[in-house]
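Now for the letters of each chain:
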Amino acid sequence: MTLFPLPAFSDNYIWVLHDGQRALVVDPGESDEVLAWLADQRLDLDTILITHHHADHTGGVGALRRATGARVIGPADEPMPEPLLRVGEADTVSALGLDWSVIRVPGHTAGHIAYFCPDVDGQPLVFCGDTLFSAGCGRLFEGTPAQMLDSLTRLAQLPGTTRVCCTHEYTLSNLRFALAVEPGNTELTQHAAHCAQLRAGNLPTLPSSIWLEKQINPFLRTHVPAVAQAAGAHEPGAGSDTVSVLATLREWKNNFK
Ligand SMILES: [Zn+2]
Ligand SMILES: [Zn+2]
């Protein structure tokens, strides 16, 4: 299996997984680049997976379906480009001969889902859309901090070796914020230097891994005393529980320059 992040718009990735003949794509916000790439690689589009309803994740679905006949799978309870197979918590979908379990991860949107496969060539992999980013998380457009904390906690419980395929290249900006929260985290400092090098070479910082995110991502570290203290210092009264830490971090990041 080959995994490839196809860049789209200014900072999206349309993830492609293929076996040399058939491909699946995740959250195709546009279609032209995807069709050109599939033709270039001589791949048939088999399946389109959608994580949530935002246009930069669904805009190319109709044109791709018409051009390729690919089947479309998306969340049970979000506005979606019909027709599609709607899936929800604990459903399993089969694509490219692999079984993907659906995990409901509300917060960024109300019905956001992620797709987890425990074994893609021996390694787990999750397509998590705009819920978990490397060193960050999605904005809370439709959900509460408690929902996002719960969703991130569920993703954090996946095996550490799980490859984390998020939909945006926000890593450098997220790492700047993470360093403001936890300046004493040496894993974080080292990873920021590594990612700066990757981006200087125009290379993706993804996929990340669950193991790495637990070391560097403040939104997965709301239980860590240094992170709770930083939240409390930023917003007096915050930091007493993990939900208030997450809520404070999210607000802080929204206004972080
Ligand atoms: Zn989104
Ligand atoms: Zn997005």
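Being a predicted model, the structure only gives us computed values, none of them experimental.

Draft legend 1. Spatial organisation of the pattern of salt bridges. The tally for this structure, following the rule as stated, stands at six salt bridges. Notably, a salt bridge pairs aspartate 19 with arginine 22, separated by 3.3 Å at the nearest N-O pair. According to the relative accessible area criterion, aspartate 19 is partly exposed, its value standing at 32%. Of the charged contacts in the structure, one is a salt bridge between glutamate 89 and arginine 154, with a shortest N-O distance of 2.9 Å. Here glutamate 89 is found in the loop between strand S6 (85-87) and strand S7 (92-95), whereas its partner arginine 154 is found in helix H4 (residues 145-156), with 65 residues between them in sequence.

Draft legend 2. Molecular detail of the nonpolar core. Residues Leu24, Trp100, Tyr115, Phe127 and Leu155 are the most contacted members of the largest nonpolar core, which totals 53 residues. Ignoring sequence-local partners within four residues, the contact set of leucine 155 consists of Ile103, Val105, Ala114, Val126, Cys128, Thr131, Leu132 and Ile210. Counting 19 residues, the second-largest nonpolar core is a separate cluster that includes Leu6, Val25, Leu43 and Leu64.

Draft legend 3. Summary view of the sheet that holds strand S4 (residues 44-49). Taken in spatial order, the six strands of this open sheet run S1-S2-S3-S4-S5-S6, and their pairing is mixed. In this open sheet, the two edge strands, each paired with only one partner strand, are strand S1 (2-8) and S6. Between one strand and the next, the sheet's axes are offset by a mean angle of 25 degrees, whatever the strand orientation. Contacts from helix H1 (residues 32-41) reach S1, strand S2 (12-18), strand S3 (22-26) and S4 within the one sheet, and its direction differs from that of S1 by about 145 degrees. Strands in contact with helix H3 (residues 61-68) are S3, S4 and strand S5 (71-75); relative to S4, the strand with the most contacts, it is inclined by about 150 degrees.

Calculation rules
- Residues numbered from 1 in each chain as written.
- Chains lettered and ligands numbered in written order.
- Predicted model: local features only at pLDDT ≥ 70, side-chain atom pairs only at ≥ 80, totals over all residues.
- Heavy atoms only, no water.
- Salt bridge = Lys/Arg side-chain N within 4 Å of Asp/Glu carboxyl O.
- Buried < 20%, exposed > 50% of the residue type's maximum accessible area, 1.4 Å probe, protein only.
- Helix = DSSP H or I, 4+ residues; strand = E, 2+ residues; numbered from the N terminus.
- Core = buried A, V, L, I, M, F, W, Y, C linked by side-chain atoms within 4.5 Å.
- Contact = heavy atoms within 4.5 Å.
- Pairing = 2+ DSSP bridges.
- Axes fitted to C-alpha atoms, helices over the stretch in contact; angles between N-to-C directions.

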